[in-house]
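Each chain, written out:
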Amino acid sequence: MILKRIRDLREDADLTQTQMGKAINLPQRTYAYYESGQRTIPPEILIALADFHNVSVDYILERTDKK
């Protein structure tokens, strides 16, 4: 599953994949796999992303448009 919103949120924050990975304690390559949909994002990483961007997990998963 490609989660377009994690890329959009990262780009809105003007962060590179490397910077985003460091912010949530992941190597850049692992973060890139998640962003491209090549790997499924574990729940704890979804939570870390939601907390970092101050949005809900449902927003990241595109279940709602309300951040």
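Refer to the structure presented above.
Because the structure is a prediction, the values reported are computed rather than measured. Counting from 1, residues in each chain are numbered in the order their sequence is written. Given that this is a predicted model, residues contribute local features only at a pLDDT of at least 70 and side-chain atom pairs are listed and counted only at 80 or more, while totals for whole chains, interfaces and linings are drawn from all residues. Only hydrogens and water are set aside when side-chain values are computed; all heavy atoms of the structure are taken into account.

1. A look at the overall build of the protein chain
1) Next: Under the DSSP-based scheme used, a helix requires at least four consecutive residues in state H or I and a strand at least two consecutive residues in state E, with every element numbered from the N terminus. Per the secondary structure count, the protein chain includes 5 helices and 0 strands.
2) Next: Along the chain direction, N to C, the helices and strands of the protein chain fall in the order α-α-α-α-α.
3) Next: With C-alpha atoms as the basis for the radius of gyration, the globule rule is written as 2.2 Å multiplied by the number of residues raised to the power 0.38. By the compact-globule yardstick of 11 Å for 67 residues, the protein chain fits well, its C-alpha radius of gyration being 11 Å.
4) Next: Principal-axis analysis of the C-alpha atoms places the extent of the protein chain at approximately 30 × 25 × 20 Å.

2. Quick notes on the packing of helix α1 (residues 4-12) against helix α3 (residues 28-36)
1) Next: Axes, fitted as lines to C-alpha atoms, cover a helix only where it is in contact. Angles between the N-to-C directions of the axes lie from 0 to 180 degrees. Look at α1 against α3: their axes get within 7 Å of each other, and the N-to-C directions meet at 125 degrees. Classified by the interaxial angle, the pair formed by α1 and α3 is oblique. Facing α1, whose interface residues are Ile6, Arg7 and Arg10, α3 presents Tyr31, Tyr34 and Glu35. For classification, angles of less than 35 degrees are called roughly parallel, those exceeding 145 degrees roughly antiparallel, those between 65 and 115 degrees roughly perpendicular, and all remaining angles oblique. In this description, contact between two residues means that some pair of their heavy atoms is separated by no more than 4.5 Å.

Keep in mind these numbers describe shape, not what the thing actually does.
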